[in-house]
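Working through the structure, step by step
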Amino acid sequence: MKKLLLHKITQPFQAQIQLPASKSESNRALILNALAGGTGSLSNLSEARDTQTMQRLLQRDEPIADVLDAGTTMRFLTAYYATANRQKVMTGTPRMQERPIGILVEALRELGARITYQNKEGYPPLQLEGFSYAGAKNLTMRGDVSSQFISAILMIAPTLPEGLTLHLTGQLGSIPYIEMTIQQMRQFGADVTADWENRQIQVAAQPYHSSDYAVESDWSAASYWYSLVALGPEGSEAELLGLKENSLQGDSAIIAIMEQLGVKSTYTGRGFLLTQIPAQQSFSWDFTHCPDLAQTIAVIAAVKGIPAEFTGIESLKVKETDRVLAIQQELQKFDANLVEEEANTRYRIVTNERTSWDRPGTSIHTYEDHRMAMAFAPLAMRTNLEIDDASVVVKSYPHFWEDLGKIVTIL
């Protein structure tokens, strides 16, 4: 485990940051390119471990596909291999084997995939045993668990003999990620129609065609720089390069969120310039469609002492760690908290007269979760800080500490 010491900064900073490429876009582009024959040129692919794992497994035809801790890689490759009639074991880290996949497996079985669980019903590891099309032209899936299950099915749908009409039930979560999938599918030649009012997505049976694709920088990674500007000394600013003005990524919602929490975003033609503005007196947001931002925003609201209400974060409990519990435990080190006011529904940031952010030497536990490390790193704007397992950032933002080192002294 790699520990880092971050030293509190006292002077305003000005930074220009080349953000990493989007892991979400990269992983979809890799699957779509593979479905199209693998001849397209993909540029600016993410250097994140999840994407590197995806590339490695697509390039090697081995009997066991170990995705490590990469959730999208597990879900997307399971659908890809299953409907491609591959015989393969899908497995991952102990934590990955605790993350449910039953909804996706049941959908694939309905389409004709033969899949068995090697250990616990509903969880990896899985044995893929081949595919024989079952003639299912209509499929019903829950939309309130993981959009990655839906994206996995959508991407393989054009390869089915009769295409697919997907019917979604329950509350729809992370719709922007599903829309990202649809937009990328169209760039590879798919005919997709989404009717959100009737919760229905139609995909025609139509082979993908080869396409060149350039991946945008990552808005999830951008969120940590929003936090650094929000919490930094007065006059701090950062220009984030490689972001598009009209992004496919759901986490571009950070622009609207941070307008309320003290950061203005100005498009520069090559990215966004972040500058400080006054924050609102209170904050409320539904994170259903951008759950990966919740940890970062919880820290910002707590440090700025802004009464904040969070909804739509129940999916955080089945991520790399139970992120709700992890946020609570780390905030409590500063006498702050994320209180669950309504079970699995509504949460509130709480601070009191004992809350203090200047507690030199406080160690942040990262729970083997890249987003915990990066969400809490901006506390270096207020105190000397220790990050206890800093290497976890390789999952999505491998050069985060190098970039942070441009404004913070790191030992």
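If you're wondering where the values come from, they're calculated on a predicted model, not measured in any experiment.

Here we take up the sheet that holds strand 1 (residues 4–6). The three strands are arranged 1-21-20 in an open sheet whose pairing can be described as mixed. Each edge of the sheet is formed by a strand with only one pairing partner; in this case those strands are strand 1 and strand 20 (362–364). The sheet shows a mean angle of 30° between the axes of neighbouring strands, direction not considered. In this sheet, strand 21 (residues 385–387) lies alongside strand 1 in antiparallel orientation, the contact comprising three bridges. Across the sheet, residue L5 finds its bridge partner in strand 21, namely E386.

Attention now moves to the layout of surface pockets. Here the idea is plain: a probe the size of a water molecule rolls over the atoms and shows the empty space left. In this structure, the largest pocket encloses a volume near 720 Å³. In terms of lining residues, the largest pocket is bounded by 40 residues, among which S146, Q148, P291, S315 and K319 are the most central. Contributions of two or more residues to the lining of the largest pocket are made by helix 1 (23–35), helix 3 (71–83), helix 5 (147–156) and helix 11 (370–376). Estimated volume of the second largest pocket: approximately 230 Å³. R49, L68, D69, T93 and E368 are the residues nearest the centre of the second largest pocket, which is lined by 13 residues in total.

Our focus in this paragraph is the nonpolar core. By size, the foremost hydrophobic cluster in this structure holds 76 residues, and its most contacted members are W225, I297 and W401. Per-element accounting of this core gives the leading share, 10 residues, to helix 7 (residues 219–231). In contact with W401, not counting residues within four places along its chain, are L4, L6, A373, A377, I387, A390, V393 and I410. Listed in part, the 61 residues of the second largest apolar core include Y81, M90, F188 and A190.

Glancing now at the packing of aromatic side chains. One pass over the structure, following the stated rule, counts 11 aromatic pairs. For the ring pair Y397 and F400, a centre distance of 5.2 Å and an interplane angle of 70° mean the geometry is edge-to-face. Both residues of the pair, Y397 and F400, count as buried. Grouping aromatic residues by their ring pairs yields a cluster made of Y224, Y397, F400 and W401. Note that K88 overlies the ring of Y81, its terminal NZ or CZ placed 4.6 Å from the centroid. Above the ring of Y123, the side-chain terminus of K120 is found at 4.5 Å from the ring centroid.

Take the sheet that holds strand 7 (residues 126–131) next. Pairing is mixed in the open sheet, where four strands are placed in the order 4-5-7-6. The sheet is open, and its two borders are formed by strand 4 (64–66) and strand 6 (113–117), each paired with just one other strand. Taking the axes of each pair of neighbouring strands and ignoring which way they run, one obtains an average angle of 25° across the sheet. Relative to strand 7, strand 5 (residues 87–91) runs antiparallel, the two being bridged by four bridges. Bridging across to strand 7, Q87 finds its partner in E129. Sheet strands touched by helix 3: strand 4, strand 5, strand 6 and strand 7. Its angle to strand 7, the strand with the most contacts, is close to 35°. Contacts from helix 4 (residues 102–111) reach strand 6 and strand 7 within the one sheet, and its direction differs from that of strand 6 by about 145°.

The next subject is the pattern of salt bridges. The final tally for this structure, using the stated rule, is 24 salt bridges. When the shortest N-O distance is used, the salt bridge between E330 and K333 registers 2.7 Å. Residues joined by salt bridges that share partners form a network here, namely K23, R49, D50, D69 and K395.

With that settled, the discussion passes to empty space enclosed by the protein. In total, this model carries one cavity of 30 Å³ or more according to the counting rule given. In this structure, the largest cavity encloses a volume near 30 Å³. Residue lining of the largest cavity: L57, R60, E62, I64, A65, Y81 and K88, and that is the complete set. A breakdown of the residues in the lining of the largest cavity according to their chemical character gives four nonpolar, no polar and three charged.

The rules behind each value
- Residues numbered from 1 in each chain as written.
- Predicted model: local features only at pLDDT ≥ 70, side-chain atom pairs only at ≥ 80, totals over all residues.
- Heavy atoms only, no water.
- Pairing = 2+ DSSP bridges.
- Helix = DSSP H or I, 4+ residues; strand = E, 2+ residues; numbered from the N terminus.
- Axes fitted to C-alpha atoms, helices over the stretch in contact; angles between N-to-C directions.
- 1 Å grid on protein atoms, 1.4 Å probe; cavity = no way out; pocket = protein on both sides within 12 Å on 5 of 7 lines; lining within 4 Å.
- Points joined across faces, edges and corners; volume = space filled by probe spheres on them.
- Core = buried A, V, L, I, M, F, W, Y, C linked by side-chain atoms within 4.5 Å.
- Buried < 20%, exposed > 50% of the residue type's maximum accessible area, 1.4 Å probe, protein only.
- Contact = heavy atoms within 4.5 Å.
- Phe/Tyr/Trp six-rings, centres within 6.5 Å; stacked < 30°, edge-to-face > 60°.
- Lys NZ or Arg CZ within 6 Å of the ring centre and 35° of its normal.
- Salt bridge = Lys/Arg side-chain N within 4 Å of Asp/Glu carboxyl O.
- Nonpolar A, V, L, I, M, F, W, Y, C, P; charged D, E, K, R; others polar.

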